[in-house]
Amino acid sequence: MRMLAIMLIALPLPAFAFTAQNGMEVQQLNQTDIAVPFESGRLTTEYWCAAGDLANKRMQQPVSARIWRATPKPRGRGEGLTFTLDQTRKAEGAGLSEFGSGEHDGAISVGQAVSAYCDPIIPDMRN
(Lines give C-alpha, C1' and ligand atoms only; values in the text may rest on other atoms or scores of the structure.)
Protein backbone atom coordinates (compact mmCIF):
# COMPACT_ATOMS: atom_id res chain seq x y z
CA MET A 1 0.00 0.00 0.00
CA ARG A 2 2.82 2.40 0.86
CA MET A 3 4.50 1.73 -2.49
CA LEU A 4 1.24 2.54 -4.30
CA ALA A 5 1.01 5.87 -2.46
CA ILE A 6 4.60 6.72 -3.40
CA MET A 7 3.93 5.84 -7.03
CA LEU A 8 0.82 8.03 -7.13
CA ILE A 9 2.72 10.98 -5.66
CA ALA A 10 5.49 10.50 -8.22
CA LEU A 11 3.10 10.73 -11.18
CA PRO A 12 3.44 14.08 -12.90
CA LEU A 13 0.41 16.33 -13.01
CA PRO A 14 -0.51 17.93 -16.32
CA ALA A 15 1.10 21.33 -16.78
CA PHE A 16 -2.29 23.02 -16.78
CA ALA A 17 -3.44 21.52 -13.45
CA PHE A 18 -3.92 24.00 -10.61
CA THR A 19 -5.23 23.45 -7.11
CA ALA A 20 -7.25 26.41 -5.90
CA GLN A 21 -7.08 27.55 -2.31
CA ASN A 22 -10.35 25.74 -1.59
CA GLY A 23 -8.78 22.45 -2.73
CA MET A 24 -10.62 22.20 -6.05
CA GLU A 25 -8.69 21.22 -9.18
CA VAL A 26 -8.91 23.82 -11.95
CA GLN A 27 -7.74 23.81 -15.57
CA GLN A 28 -6.87 26.73 -17.80
CA LEU A 29 -8.31 25.81 -21.19
CA ASN A 30 -6.93 28.72 -23.21
CA GLN A 31 -6.19 32.44 -22.79
CA THR A 32 -9.70 33.21 -21.52
CA ASP A 33 -11.45 30.01 -20.40
CA ILE A 34 -11.25 28.09 -17.12
CA ALA A 35 -12.73 24.65 -16.39
CA VAL A 36 -13.60 23.50 -12.89
CA PRO A 37 -14.45 19.78 -12.95
CA PHE A 38 -17.39 18.44 -10.96
CA GLU A 39 -16.87 17.66 -7.27
CA SER A 40 -19.72 16.14 -5.32
CA GLY A 41 -21.07 18.27 -2.47
CA ARG A 42 -19.54 21.54 -3.69
CA LEU A 43 -21.57 24.74 -3.84
CA THR A 44 -21.70 26.75 -7.06
CA THR A 45 -19.91 29.61 -5.30
CA GLU A 46 -16.97 27.27 -4.62
CA TYR A 47 -16.58 26.85 -8.39
CA TRP A 48 -16.43 30.67 -8.71
CA CYS A 49 -13.75 30.71 -6.01
CA ALA A 50 -11.63 28.15 -7.83
CA ALA A 51 -11.94 29.95 -11.18
CA GLY A 52 -11.12 33.32 -9.64
CA ASP A 53 -8.11 31.91 -7.80
CA LEU A 54 -6.69 30.42 -11.01
CA ALA A 55 -7.38 33.62 -12.97
CA ASN A 56 -5.50 35.67 -10.39
CA LYS A 57 -2.59 33.39 -9.53
CA ARG A 58 -1.92 31.40 -12.71
CA MET A 59 -3.27 33.71 -15.41
CA GLN A 60 -1.95 36.84 -13.65
CA GLN A 61 -5.28 38.66 -14.01
CA PRO A 62 -5.77 41.73 -11.82
CA VAL A 63 -8.41 41.56 -9.09
CA SER A 64 -10.50 44.00 -11.14
CA ALA A 65 -10.72 41.64 -14.15
CA ARG A 66 -14.25 40.37 -14.75
CA ILE A 67 -15.19 36.72 -14.93
CA TRP A 68 -18.37 35.20 -16.38
CA ARG A 69 -19.91 31.75 -16.23
CA ALA A 70 -19.70 30.14 -19.67
CA THR A 71 -21.67 27.00 -18.78
CA PRO A 72 -25.39 27.56 -19.36
CA LYS A 73 -27.96 26.90 -16.65
CA PRO A 74 -29.02 24.41 -15.60
CA ARG A 75 -25.81 22.46 -15.22
CA GLY A 76 -26.23 18.75 -15.89
CA ARG A 77 -25.79 16.16 -13.15
CA GLY A 78 -22.12 15.40 -12.63
CA GLU A 79 -20.92 18.26 -14.84
CA GLY A 80 -18.38 20.85 -13.84
CA LEU A 81 -18.47 24.54 -14.76
CA THR A 82 -16.58 26.57 -17.31
CA PHE A 83 -15.84 30.25 -16.76
CA THR A 84 -14.51 32.89 -19.12
CA LEU A 85 -12.75 36.23 -19.05
CA ASP A 86 -14.28 37.02 -22.47
CA GLN A 87 -17.71 38.66 -22.21
CA THR A 88 -18.68 37.42 -25.69
CA ARG A 89 -18.42 33.81 -24.46
CA LYS A 90 -20.65 34.19 -21.39
CA ALA A 91 -23.78 32.09 -20.94
CA GLU A 92 -26.77 34.42 -20.85
CA GLY A 93 -28.61 34.36 -17.54
CA ALA A 94 -26.06 32.08 -15.88
CA GLY A 95 -24.34 34.62 -13.65
CA LEU A 96 -24.79 35.12 -9.94
CA SER A 97 -27.66 37.17 -8.51
CA GLU A 98 -26.54 40.75 -8.22
CA PHE A 99 -27.70 43.55 -5.97
CA GLY A 100 -26.67 47.18 -5.58
CA SER A 101 -24.92 49.43 -8.03
CA GLY A 102 -22.53 48.58 -10.81
CA GLU A 103 -22.79 46.51 -13.95
CA HIS A 104 -25.39 43.74 -13.94
CA ASP A 105 -24.02 41.55 -16.71
CA GLY A 106 -23.61 38.30 -14.78
CA ALA A 107 -19.92 38.86 -14.08
CA ILE A 108 -18.06 39.43 -10.87
CA SER A 109 -14.49 40.56 -10.46
CA VAL A 110 -11.72 38.03 -9.97
CA GLY A 111 -11.05 39.65 -6.58
CA GLN A 112 -14.67 39.28 -5.52
CA ALA A 113 -14.75 35.62 -6.59
CA VAL A 114 -11.81 34.93 -4.30
CA SER A 115 -12.62 37.22 -1.38
CA ALA A 116 -16.34 36.45 -1.20
CA TYR A 117 -16.40 32.75 -2.10
CA CYS A 118 -13.10 31.26 -0.91
CA ASP A 119 -13.03 30.33 2.74
CA PRO A 120 -10.02 31.76 4.56
CA ILE A 121 -7.13 29.36 4.97
CA ILE A 122 -6.67 28.68 8.67
CA PRO A 123 -3.43 26.87 9.52
CA ASP A 124 -3.58 23.84 11.77
CA MET A 125 -1.95 25.04 15.00
CA ARG A 126 -2.32 21.73 16.89
CA ASN A 127 1.13 20.45 15.92
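That block above? That's the structure.
Here the structure is a predicted model, which is why all the values come from computation and not from measurement.

(A) Examining unusual backbone geometry more closely. A cis geometry characterises the amide bond from Lys73 onward to Pro74, with omega recorded as -10°. By the secondary structure assignment, Pro74 is in the loop between strand S4 (66-69) and strand S5 (81-84). One non-glycine residue, Gln60, lies in positive phi territory at about 60°. Classification of Gln60 as exposed rests on a relative accessible area of 60%.

(B) Up close: the packing of helix H2 (residues 44-57) against helix H3 (residues 110-117). For the pair H2 and H3, interaxial distance at closest approach is 8 Å and the crossing angle is 130°. Relative to H3, the element H2 is oriented oblique. Handedness of the H2/H3 crossing: left-handed. Contact residues: H2 offers Thr45, Trp48, Cys49, Gly52, Asp53, Ala55 and Asn56, while H3 offers Val110, Ala113, Val114 and Tyr117. Class assignment for the residues of the contact of H2 with H3 results in seven nonpolar, three polar and one charged.

(C) Summary view of the state of the cysteines. Within the structure shown, the criterion is met by one disulfide. Each disulfide pairs two cysteine sulfurs, and for Cys49 the partner residue is Cys118, the sulfurs being separated by 1.8 Å. Measuring handedness by torsion sign, the sulfur bridge of Cys49 and Cys118 sits at about 105° and is right-handed. With Cys49 in helix H2 and Cys118 in the segment after H3, the pair connects residues that are 69 residues apart, well separated along the chain. Here Cys49 falls in the buried class, since its relative accessible area comes to 0%. For Cys118, a relative accessible area of 8% corresponds to the buried category.

(D) A look at the sheet that holds strand S1 (residues 17-19). Strands sit in the order S1-S2-S3-S5-S4-S6 across an open sheet of six strands; the sheet is antiparallel. Each edge of the open sheet carries a strand with a single partner, namely S1 and strand S6 (108-109). As judged from the two bridges shared by S4 and S5, these two strands associate in the antiparallel manner. Opposite Trp68, over in S5, you have Thr84 as the bridge partner.

(E) Representation of the pairing of strand S2 (residues 25-28) in the model. Pairing between S1 and S2: three bridges, direction antiparallel. Following the sheet pairing, Ala17 is matched in S2 by Gln27. The loop that links S1 with its antiparallel partner S2 comprises five residues; one of these, Gly23, has a positive phi angle of about 90°. Bridge analysis of S2 against strand S3 (residues 33-36) gives two bridges, and the strand direction is antiparallel. Across the sheet, Gln27 pairs through a bridge with Ala35, a residue of S3. The hairpin formed by S2 and S3 contains four residues between the paired strands.

About the cut-offs
Residues numbered from 1 in each chain as written. Predicted model: local features only at pLDDT ≥ 70, side-chain atom pairs only at ≥ 80, totals over all residues. Heavy atoms only, no water. Helix = DSSP H or I, 4+ residues; strand = E, 2+ residues; numbered from the N terminus. Buried < 20%, exposed > 50% of the residue type's maximum accessible area, 1.4 Å probe, protein only. Axes fitted to C-alpha atoms, helices over the stretch in contact; angles between N-to-C directions. Parallel < 35°, antiparallel > 145°, perpendicular 65-115°, else oblique. Left-handed = near helix turned anticlockwise from the far one by under 90°. Contact = heavy atoms within 4.5 Å. Nonpolar A, V, L, I, M, F, W, Y, C, P; charged D, E, K, R; others polar. Disulfide = S-S within 2.5 Å. Pairing = 2+ DSSP bridges.

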